[in-house]
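Tertiary structure, described
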Amino acid sequence: MQLRAIRVINLVPVILYVPLPGQEAKEGTPTEHSNVANQPIALQQKNFSWWLRIAIFTFFLLAGQTVATILGRLYYDKGGNSRWMGTLAQTAACPLIFLLYFISPLNNPPTKDINSNSPSTLVLLLIYIIFGAFLAANSTLYSLGLQYLPVSTYTLICASQLGFNALFSFFINSQKFTPFIINSVVLLTISSTLLVFHNDSTESKHVSKRKYVIGFTCTVGASAGYALMLSLVQFCFRKVLKQENFKVVLDMVFYPSLVATLAILVGLFASGPWKGLRRDMEEFELGKVSYMMTLIWTAIGWQVFNIGSIGLIFEVSSLFSNVISTFGLPTVPVLAVFIFHEKMDGLKVIALVLDMWGFVSYVYQHYLDEHKCKTEINNVCE
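In short, a report on the structure.

Quick notes on the rules
Residues numbered from 1 in each chain as written. Predicted model: local features only at pLDDT ≥ 70, side-chain atom pairs only at ≥ 80, totals over all residues. Heavy atoms only, no water. 1 Å grid on protein atoms, 1.4 Å probe; cavity = no way out; pocket = protein on both sides within 12 Å on 5 of 7 lines; lining within 4 Å. Points joined across faces, edges and corners; volume = space filled by probe spheres on them. Helix = DSSP H or I, 4+ residues; strand = E, 2+ residues; numbered from the N terminus. Nonpolar A, V, L, I, M, F, W, Y, C, P; charged D, E, K, R; others polar. Patch = residues over 30% accessible without salt bridge, like charges linked within 9 Å, V, L, I, M, F, W, Y side chains within 5 Å. Areas by Shrake-Rupley, 256 points an atom, 1.4 Å probe, with all protein chains shown as cover. Salt bridge = Lys/Arg side-chain N within 4 Å of Asp/Glu carboxyl O. Core = buried A, V, L, I, M, F, W, Y, C linked by side-chain atoms within 4.5 Å. Buried < 20%, exposed > 50% of the residue type's maximum accessible area, 1.4 Å probe, protein only. Contact = heavy atoms within 4.5 Å.

This part is about empty space enclosed by the protein. Put simply, the largest cavity is a space of about 150 Å³. Taken together, Phe131, Leu135, Tyr226, Met229, Leu230, Val233, Met252, Val253, Pro256, Ser257, Asn306 and Ile310 make up the full set of residues lining the largest cavity. Among the secondary structure elements, those contributing two or more residues to the lining of the largest cavity are α4 (121–148), α8 (209–241), α9 (246–271) and α11 (288–315). Per-class residue counts for the lining of the largest cavity are 10 nonpolar, 2 polar and no charged.

In structure tokens form, the structure reads like this:
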């Protein structure tokens, strides 16, 4: 799931090599889709279509995240008890993504990176199976967290995935740690830790302290797992797939989601909970039609989120995707106050403030990076 962003952010899809004075550019010098920090002299080409893609992916991520989280909690709050259905809803709408293959501009020739060799079918199959299994396990953890925690507490804990993502990106994608990024990681960690001591965290649905601890642990584990998956997805884009077209984005959403859906269905029917699905529907407080619509729109919401999240990873970086996700987190606790009548007490407010402080700290580092990049470009042009 998927609140469901690696190194200093690469803001453009194409970076052109500019030779130093006195040097001649070698014929056939490859264009790299890499970090500005690795190219001290670079010229960025920002165009309208790229910014439009960023805007669309951002909207998909924020809208899908908010709708899916609220509806996912509504399912449990109104009597839904099947964690398998809550898990299945996170991936089951993947066939809808298949339709995008016929309406998206997929015929544009991909831009290859330095090594033009495409991965073999076996390598691609392994990537999709591994990510799909990882997604199924992670979705189960998220489902448990959402079942046992108020949605406001749940979303605040999910903010910790930004810190986890920065940490994993340091080892996997050479993320540079600056004081502001370290500050962001520390603040997000503290904000999540504060909620361990929250004494009134089960007001929207009465659960035991043991279940609250299970929900908290599962949500933290799922946040760490999803952050790791985002970092690995970016690594695959840059080092394995080495292509720049939207079809790559759709493939990375569709096939792992399909594998995850099949794995969850096997678990559902093999372990026996499917026998209680009819009772689960009949006991839903809003009725059978609302039961089906809640699950259907939850599933659609998560796939919209996935397209936005993977799209931002492809265009920029996984850390950027996670930052945008964190930016949208305050919306969910505020809506939960009106929809589920949850309390925004002092401890939650402090955690929310720390979350936003951590987010602003990271964004400021992004501003410094971009300013430094522009300065270097201006110096070259002069």
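Side chains of Leu122, Leu125, Leu126, Ile129 and Ile130 sit close together on the surface and give an oily, nonpolar patch of about 480 Å² of accessible area. Positionally, Ile130 belongs in helix α4.

Moving on: the nonpolar core. With 64 residues, the main nonpolar core has Val233, Phe237, Met252 and Ile310 as its most contacted residues. By size, the runner-up hydrophobic cluster in this structure holds 10 residues, among which are Leu162, Val185, Val323 and Leu329.

This brings us to the pattern of salt bridges. Going through the model one piece at a time under the given rule, you end up with 4 salt bridges. Between Arg53 and Glu315 there is a salt bridge, with its nearest N and O atoms 2.8 Å apart. Here Glu315 lies in helix α11 and Arg53 lies in helix α1 (residues 48–77), a separation of 262 residues in the sequence. The exposure class assigned to Arg53 is partly exposed, which follows from its relative accessible area of 30%.

Examined against the element boundaries, Leu188 turns out to sit in helix α7 (residues 179–194). Between the alpha carbons of Leu188 and Leu162 there is a distance of 7.7 Å; along the sequence they are 26 residues apart. Apart from residues no more than four positions distant in its own chain, Leu188 is found in contact with Ala159, Ser160, Leu162, Gly163 and Asp355.

All quantities given are derived from atomic positions and should not be read as evidence of function.
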